[in-house]
Amino acid sequence: MNVSDVICFDILVSAMKAENQSFGTDFLLVGLFQYGWTNSLLFVVVATIFTVALTGNIMLIHLIRLDTRLHTPMYFLLSQLSIIDLMYISTTVPKMAVNFLSKSKTITFMGCEIQTYVFLALGGTEALLLGFMSYDRYVAICHPLHYPILMSKKICCLMVACAWASGSINAFIHTMYVFQLPFCRSRLINHFFCEIPALMSLVCQDTSHYEYTVLLSGLIILLLPFLAILASYARVLIVVFQMSLGKGQAKAISTCSSHLIVASLFYATTLATYTKPHSLRSPTRDKVVAVFYTIITPLLNPFIYSLRNKEVTGAMRRLTLY
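Remember, it's a predicted structure, so these values are computed and weren't measured experimentally.

Definitions and limits used
Residues numbered from 1 in each chain as written. Predicted model: local features only at pLDDT ≥ 70, side-chain atom pairs only at ≥ 80, totals over all residues. Heavy atoms only, no water. Phe/Tyr/Trp six-rings, centres within 6.5 Å; stacked < 30°, edge-to-face > 60°. Helix = DSSP H or I, 4+ residues; strand = E, 2+ residues; numbered from the N terminus. Buried < 20%, exposed > 50% of the residue type's maximum accessible area, 1.4 Å probe, protein only. Lys NZ or Arg CZ within 6 Å of the ring centre and 35° of its normal. Expected span 1.5 Å × (residues − 1). Disulfide = S-S within 2.5 Å. Patch = residues over 30% accessible without salt bridge, like charges linked within 9 Å, V, L, I, M, F, W, Y side chains within 5 Å. Areas by Shrake-Rupley, 256 points an atom, 1.4 Å probe, with all protein chains shown as cover. Salt bridge = Lys/Arg side-chain N within 4 Å of Asp/Glu carboxyl O. Pairing = 2+ DSSP bridges.

A. View of the packing of aromatic side chains. Summed over all chains, the structure comprises 13 aromatic pairs. Aromatic side chains Tyr135 and Tyr138 sit 6.4 Å apart centroid to centroid with 40° between the ring planes, which places their arrangement in the tilted category. Of this pair, Tyr135 and Tyr138 both sit in helix H4 (residues 109-142), 3 residues apart, which is roughly one turn of the helix. On the numbers, 5.1 Å between centres and 25° between planes, the contact of Phe226 with Tyr267 is stacked. Of this pair, Phe226 sits in helix H8 (residues 208-243) while Tyr267 is found in helix H9 (residues 246-274), placing the two residues 41 residues apart along the sequence. Each member of the pair Phe226 and Tyr267 is classed as buried. Chaining the aromatic ring pairs together yields one cluster made of Tyr88, Phe119, Phe192, Phe193 and Tyr293. Between the NZ or CZ atom of Arg187 and the centre of the ring of Phe27, over which it lies, the distance is 5.0 Å.

Put into structure tokens, the structure is as follows:
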């Protein structure tokens, strides 16, 4: 019996003990990796990333709130993105980090349900909000004269409300449906947090019809905004090239490319998770892919969208001087 088999056996024993103690109501999270010797190192790495992500998003929210020059539609939407990322990474990473050092990796049925709902709601909201942010840049560059009308305060608030409401309703429907399904006796979730694709493998009935519902939701909430982002930035680049401004072209290309890279990372990984049939899934691959949209994206967003921006860096300098 090799080391990985011993660790897997220990996890199964822990799951049986946790199940007996909680009358079958608790779940047990396997975690990111199943090799005990890496847990301390992973804890340090994840805790550091979590701290940096929190600091970056909090600083950006603070800057936008304090500096009146940043009270524009673009930064209003950006502040909402930072708030979402702040909550998003806090939904999964703290429990994940604690489990690296804890022998008990259980999560209660209610805790798992709440984590699933909050994670889905925030993920859906972010997916829609990124689409609205690309529309803001499209209007600002391609229709600057109409920008005050098309991106008024009322319209911005409606966009944000639409994103939050749509993400929350979608998450509520899926969470309520999944958690009323019959789970098998084994409550071992081969993941580092409660996510619907990982939970579906524990269900004791055919879920093929429900997978079509998940696919449809993924296409609407993930694919449509991503296509809107690609179309918006394509149009922006066309307009910029028509202006024939050397430095302006270089700056626009740099900005659009960095935004597209981060957006593509988020949408590609989430689409790969939520539109893939259950028969084609690999738990190990799914966990690695999940790291990108649960940890890496919230870490990169405040730096890609703000620290490369002269207005934000200027606001930071002004704030440190006073």
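Back to the write-up after that little detour.
B. Molecular detail of helix H2 (residues 39-66). Spanning 28 residues, H2 covers 40 Å between terminal C-alpha atoms, matching the ideal 40 Å at 1.5 Å per step. Among the residues making up H2, those that are buried are Asn39, Leu42, Val46, Phe50, Ala53, Gly56, Asn57, Leu60, Leu63 and Ile64.

C. Up close: the state of the cysteines. Per the stated rule, a full pass over the model turns up 2 disulfides. The side chain of Cys112 participates in a disulfide bridge whose partner is Cys194; the two sulfur atoms lie 2.0 Å from each other. An S-S torsion of about -120° defines the bridge between Cys112 and Cys194 as left-handed. Residue Cys112 is located in helix H4, and its partner Cys194 is located in the loop between strand S3 (188-189) and helix H7 (196-200); the two are separated by 82 residues in the primary sequence. Its relative accessible area of 0% is what places Cys112 among the buried residues. Residue Cys194 is classed as buried on the basis of its relative accessible area, which comes to 0%. Paired through a disulfide, Cys184 and Cys204 show a sulfur-sulfur distance of 2.1 Å.

D. Region of interest: a nonpolar patch on the surface. Where nonpolar side chains cluster on the molecular surface, the patch consists of Leu216, Ile220, Leu224, Leu227 and Leu230 and spans about 450 Å² of accessible area. A relative accessible area of 36% places Leu230 in the partly exposed class.

E. Quick peek at the pattern of salt bridges. Here the structure, examined in full by the defined rule, presents 3 salt bridges. Between Asp67 and Arg318 there is a salt bridge, with its nearest N and O atoms 2.7 Å apart. Taken together, the positions of Asp67 in the loop between H2 and helix H3 (73-101) and Arg318 in helix H11 (residues 310-321) put the pair 251 residues apart, joining distant regions of the chain. By relative accessible area, Asp67 is classed as buried at 11%.

F. Looking closely at the sheet that holds strand S2 (residues 106-107). Strand order in the open sheet formed by 3 strands is S2-S1-S3, and the pairing between neighbours is mixed. Edge strands, defined here as strands with exactly one partner in the open sheet, are S2 and S3. Bridge analysis of strand S1 (residues 27-29) against S3 gives 2 bridges, and the strand direction is parallel. In the strand pairing of S3, Leu29 is matched with Ile189.

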